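# Residue-level structure breakdown
So you can see what is in the structure, the chains are spelled out below.
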Amino acid sequence: MESILEVKDLHVSFSVRGGEVKAVRGVNFTVGKGETVAIVGESGSGKSVTAQTIMRLIPSPPSKIKQGQVIFNGEDLLSKTNKQMEAIRGKDIGMIFQDPMTSLNPTIKVGKQITEGLIKHQNLSFAEAKTRGVEMLKLVGIKNAEARFNQYPHEFSGGMRQRVMIAIALACRPSLLIADEPTTALDVTIQAQIINVMKDMQERFGTSIIMITHDLGVVAGMADRVIVMYAGEVVETGTSMEIFKNPQHPYTRGLLRSLPRIDQRKDEPLVPIIGTPPDLIKPPVGCPFAARCDHAMKVCERIDPDPTHLSDTHMSRCWLQHPMAQEVQSS
Amino acid sequence: MSVKNELIPQASAANLTPEDFRQIGVDEKQSEVIQRESLSAWRDSWERLRSNKLAMAGLIVMALVVIMAFIGPMISKFDYQTNDLMNTNKPPNSVHWFGTDDLGRDMFVRTWMGARISLVVGLAAALIDVMIGVIYGGIMGYFGGRVDEIMNKFAEILYSIPYLLVTILLLVVFEPSLGTIILALTITGWINMSWIVRGEIMQLKNREYVLASRSMGAGSGRLLFRHLLPNAMGPIIVTLTLSVPNAIFSEAFLSYLGLGVQEPVASLGSMISSSLSGWMLYPWRMLFPALLISLTMLAFNIFGDGLRDALDPKLKK
Amino acid sequence: MVRYITSKFLYMLVSLLILITATFFLMKAIPGNPFMSEKQVPPQIRERLMEQYGLDKPVIVQYGQYLKNIAQGDFGISMKMQNKEVTGLITDTFGASLKLGLVAIVVSLVVGVLLGLLAALYHRRLIDNVAMVLAVLGIAVPSFVVASMLQFVFAQKAGIFNVMGFNGPLDYVLPVAALAAQPIAFIARLTRSSMLEVLHADYIKTARAKGLNWMTILFRHVVRNGILPVITYLGPMTANIITGSVVIEQIFGIGGLGKVFVSSISNRDYTLIMGVTIFYGVILMLARFLTDIAYVFVDPRIKLTNRKEG
């Protein structure tokens with residue numbers, strides 16, 4: 001598949017009072033054309049930072065992109081000037097955020113917020129932009145779009161606002177959409193609607209989607225491929241099928257086990273992952289998950305494992321995949 | 001994703017031995033998390049306050065001013081009201097450390113006496129504000145509904161009457177004394193406090209622990225005083241700290257109108273206003289009280305801000 | 001919307017009525033009723049007072065008469081300045097105070113907002129620190145101290161401005177600076193914290209994600225929203241400037257209403273005190289009312305909450 005985005009060896013740090021938080025530590029992944037890739041992990045795993053770095057939205061200071069490349073359509077976004085980035089944001093890459101209640105400007109009419117980007121990137125007149133904006137509102141499933149166009153955000157419910165956010169992000173038909181926890185702040189019934197709107201839009205425009213979430217339920221319903229992040233590193237990637245049916249990294253397995261399933265027996269307990277992620281001011285030398293891992297081995301605390309490729313699409317960073325581990329375990 | 005031909009993790013693969021792949025028990029792990037000692041909310045706030053150097057400086061200045069206002073007049077052999085017409089308007093010297101005023105009274109003693117009066121006015125007005133405000137606001141917040149609506153409307157109407165005008169009227173009618181000044185300053189000063197208390201109580205009263213306590217049959221009084229008010233203490237204290245300098249300021253303004261404390265008693269404000277006529281000739285007569293009042297205001301404001309940040313870290317910018 | 005404005009207006013009327021009533025009864029409560037038995041009141045004036053206020057009638061009738069007079073803009077005659085109408089004294093002197101006050105308000109807004117905005121944009125940098133030190137000083141130093149210092153340094157020593165008087169545009173500089181110091185400090189702090197909040201708001205991220213350039217974001221999204229809390233300060237600021245002007249006019253020898261007020265208090269010219277108090281009251285309440293209205297127009301969220309309540 002032709003790739004639209006390639007993140008190579010990305011390192012991002014934040015300076016805080018106690019030192020430097022190494023939030024993203026050598027992340028690699030690609031996103032293909034029209035593909036939906038989910039980045040999964042708990043809070044602090046670096047998934048949001050990665051997403052915002054791609055858009056260059058991350059405030060600097062306190063953050064700093066230490067090294068790496070973000071190749072989008074063959075060009076490195078990290079070497080672009082602010083001016084060049086402005087021409088890409090909203091036009092080629094759209095983004096939606098976690099909390100639809102705060103992501104829209106409360107004092108500006110929804111319509112104007114949609115047309116802003118259109119007017120800037122496509123040189124439309126306001127009238128043309130308005131036609132497009134109303135059309136976008138209809139597409140994301142907002143009824144009575146002409147009237148809604150002239151309303152303020154507080155006149156919309158949370159789910160409706162997230163639809164507006166999608167309309168804003170996709171107004172210029174970007175080839176990539178980054179959705180940063182788009183359903184987390186919504187009710188469960190609304191979540192499904194939003195996912196459906198996104199899927200629908202993807203089919204219509206062929207947009208690639210990067211979906212940041214900690215909700216594996218959302219992932220299962222949407223993603224072609226999954227990237228699991230932990231403590232600023234990618235610990236496992238694979239197709240949705242591979243991740244859900246054959247998870248290899250103990251962290252991924254832990255995530256799946258802590259997820260309730262409909263077919264679960266009543267006496268079968270949910271297993272939480274005990275402990276908290278490591279302090280990324282001083283990340284551990286070995287595997288960052290070792291301290292919480294049921295299968296931790298001596299080597300895990302000493303050396304951070306390299307990726308093991310289990311198939312064309314499936315990769316896991318864990319010492320358990322080392323042949324020697326399998327020997328020792330089985331003996 | 002391109003496939004690399006390394007199906008084996010390659011990092012220092014050479015030196016690995018089977019021993020490295022022995023599983024380790026949970027207790028063997030080095031990285032047992034040592035939880036930070038959990039501090040009570042108040043301790044936590046105190047720690048935050050203590051690390052705020054500016055706020056601590058404010059606190060120290062406040063303390064110094066209070067101490068000096070108390071002992072300052074005692075360490076001088078002069079008193080604040082005896083005239084010495086042979087020694088009027090003397091600049092600071094070894095006898096009169098801050099100089100003398102137009103009646104030859106010692107400025108050092110008068111300045112600290114003035115500070116004492118200003119502080120008394122400020123603190124007393126602020127404390128009365130708190131008392132009325134807590135009761136009024138507590139009732140509004142606790143009972144809510146119709147009671148709240150009526151009481152709130154009343155407060156709103158009172159609040160929209162410019163308070164300094166009312167204060168001035170009161171003092172024109174009832175001759176200014178320490179007591180009437182304090183009372184006049186509190187006539188509408190409590191409203192703001194009552195709104196703050198009301199807001200806090202309304203937020204708190206639906207919290208689980210209050211509901212739990214109520215479900216166990218705790219009475220209104222107990223709920224209000226044991227559970228609600230102690231938890232609303234933070235904002236109350238902050239408002240208190242910030243309303244002291246306001247009262248001091250208002251008293252200074254009233255002094256300027258001749259409605260402050262009356263001679264021979266002095267407040268910082270009345271000393272400044274009586275120095276205004278000739279202050280270019282005798283700058284020290286304004287300098288010391290002005291410096292002290294500014295310093296006091298500064299200290300209270302800085303400390304109040306620091307306190308707010310410490311008690312409510314969410315608000316900190 | 002109409003409902004909201006009407007209710008605010010009614011509130012204002014009630015407050016005003018309370019202030020007027022309080023003024024009336026407080027003056028009645030003065031030992032040795034000023035209308036009746038002050039020795040210094042010349043006989044002709046007493047006669048006119050008697051006539052005007054119906055002082056031989058029951059209190060409630062007097063009160064009604066008093067309200068009626070005020071409604072017609074008649075505050076009676078000064079007790080200490082013979083044959084001077086209180087209304088006339090107010091209208092004669094208010095012009096100067098108004099000019100001074102308006103200039104001070106505009107200066108406070110412009111300088112305060114700019115200072116606060118710069119401080120927020122350069123958060124924790126030099127400009128921020130300098131602005132905040134200035135703001136804290138502005139709040140801590142009483143306006144009459146500021147005024148005296150300015151007068152001393154720039155008029156007395158440097159001789160750039162006149163010490164006293166209020167004739168040319170240059171004569172505005174020092175009084176306005178003294179009057180505006182405290183409001184500038186408040187507005188700067190208010191603007192800074194509100195701008196900081198807006199700068200970190202999610203919708204700014206949304207705006208950036210749209211690819212808008214920074215200046216567009218700054219003016220269309222940041223400043224517009226960050227300035228909202230400043231509007232709520234317009235009411236208190238008017239009060240602050242009026243109180244300030246009472247002192248400042250005296251110091252700079254400006255023949256404004258503030259000066260009249262000060263002398264009416266020291267002379268215990270009760271009718272004049274009453275008149276000026278009510279006049280100030282009307283201005284302040286009007287300022288607060290206009291602030292409330294202004295807020296509805298700039299912040300669309302308010303309409304809904306009130307529609308829901310109503």
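What counts and how
- Residues numbered from 1 in each chain as written.
- Chains lettered and ligands numbered in written order.
- Predicted model: local features only at pLDDT ≥ 70, side-chain atom pairs only at ≥ 80, totals over all residues.
- Helix = DSSP H or I, 4+ residues; strand = E, 2+ residues; numbered from the N terminus.
- Contact = placed C-beta atoms within 7 Å.
- Axes fitted to C-alpha atoms, helices over the stretch in contact; angles between N-to-C directions.
- Parallel < 35°, antiparallel > 145°, perpendicular 65-115°, else oblique.
- Left-handed = near helix turned anticlockwise from the far one by under 90°.
- Pairing = 2+ DSSP bridges.
- Buried ≥ 20, exposed ≤ 12 C-beta atoms within 10 Å, placed from the backbone.
- Nonpolar A, V, L, I, M, F, W, Y, C, P; charged D, E, K, R; others polar.

## Section: the overall build of chain C
Helix and strand counts for chain C stand at 14 helices and zero strands. Overall, chain C shows an N-to-C arrangement of helices and strands of α-α-α-α-α-α-α-α-α-α-α-α-α-α. Of all intrachain contacts in chain C linking residues separated by at least 6 positions in sequence, the fraction that spans at least 24 positions is 73%.

## Focus on the packing of helix H6 (residues 143–157) of chain C against helix H11 (residues 234–251) of chain C
All names here are of chain C. With their axes 9 Å apart at the nearest point, H6 and H11 run at an angle of 25 degrees to one another. The orientation of H6 with respect to H11, classified from their angle, is roughly parallel. In this structure, H6 meets H11 at a crossing whose hand is right-handed. Contacts between H6 and H11 pair Ser 143, Phe 144, Ala 147, Ser 148 and Gln 151 from the former with Gly 244, Val 247, Ile 248 and Ile 251 from the latter.

## Some remarks on the pairing of strand E1 (residues 3–16) of chain A
Residue and element names in this part refer to chain A. Examined bridge by bridge, E1 and strand E2 (residues 19–32) share 11 bridges and lie antiparallel to one another. Following the sheet pairing, Ser 13 is matched in E2 by Lys 22. As paired elements, E1 and strand E4 (residues 63–72) share eight bridges and run antiparallel to each other. Following the sheet pairing, Glu 6 is matched in E4 by Ile 71.

## Concerning unusual backbone geometry
Residue and element names in this part refer to chain A. The backbone phi angle of Asn 73 is positive, close to 50 degrees, even though this residue is not glycine. Within the secondary structure, Asn 73 is located in the loop between E4 and strand E5 (75–76). Judged by local crowding, Asn 73 falls into the partly exposed class, with 14 C-beta atoms found within 10 Å. Despite not being glycine, Ala 231 shows a phi value in the positive range, around 50 degrees. Topologically, Ala 231 is positioned in the loop between strand E9 (225–230) and strand E10 (233–239). According to the C-beta neighbour criterion, Ala 231 is buried, with 24 such atoms within 10 Å.

## Here we look at the interface of chain C and chain B
Taken together, the contacts link 37 residues of chain C with 32 residues of chain B. Elements supplying a minimum of two residues to the side of chain C that touches chain B: helix H1 (2–29), helix H5 (126–140), H6, helix H7 (170–199), H11, helix H12 (257–267) and helix H13 (270–298) of chain C. Considering each element in turn, the side of chain C that touches chain B owes the most residues, 10 residues, to H1 of chain C. Residues belonging to the side of chain C that touches chain B are distributed by class as follows: 27 nonpolar, nine polar and one charged.

## Section: the sheet that holds strand E3 (residues 36–40) of chain A
Residue and element names in this part refer to chain A. Reading across from one edge, E6-E7-E8-E3-E9-E10-E12-E11 is the order of the eight strands in this open sheet, with mixed pairing throughout. Pairing within the sheet leaves two strands with one partner each, and these edge strands are strand E6 (93–96) and strand E11 (308–309). Direction of pairing for E10 relative to strand E12 (residues 315–316): antiparallel, over a ladder of two bridges. Across the sheet, the residue bridging to Glu 236 is Ser 316, located in E12. Against the sheet, helix H6 (residues 158–170) contacts E6 and strand E7 (176–180), and its axis sits at roughly 165 degrees relative to E6.

## Some details on the packing of helix H8 (residues 220–256) of chain B against helix H10 (residues 283–311) of chain B
Residues and elements named next belong to chain B. In the contact formed by H8 and H10, the axes pass within 9 Å of each other and the chain directions differ by 165 degrees. Compared by their axis directions, H8 and H10 come out roughly antiparallel. Classified by chirality, the crossing of H10 by H8 is left-handed. Contacts from Gly 234, Ile 237, Val 238, Thr 241, Leu 242, Val 244, Pro 245, Ile 248, Phe 249 and Ala 252 of H8 reach H10 at Ile 293, Thr 296, Met 297, Phe 300, Asn 301, Phe 303, Gly 304, Leu 307, Arg 308 and Leu 311.

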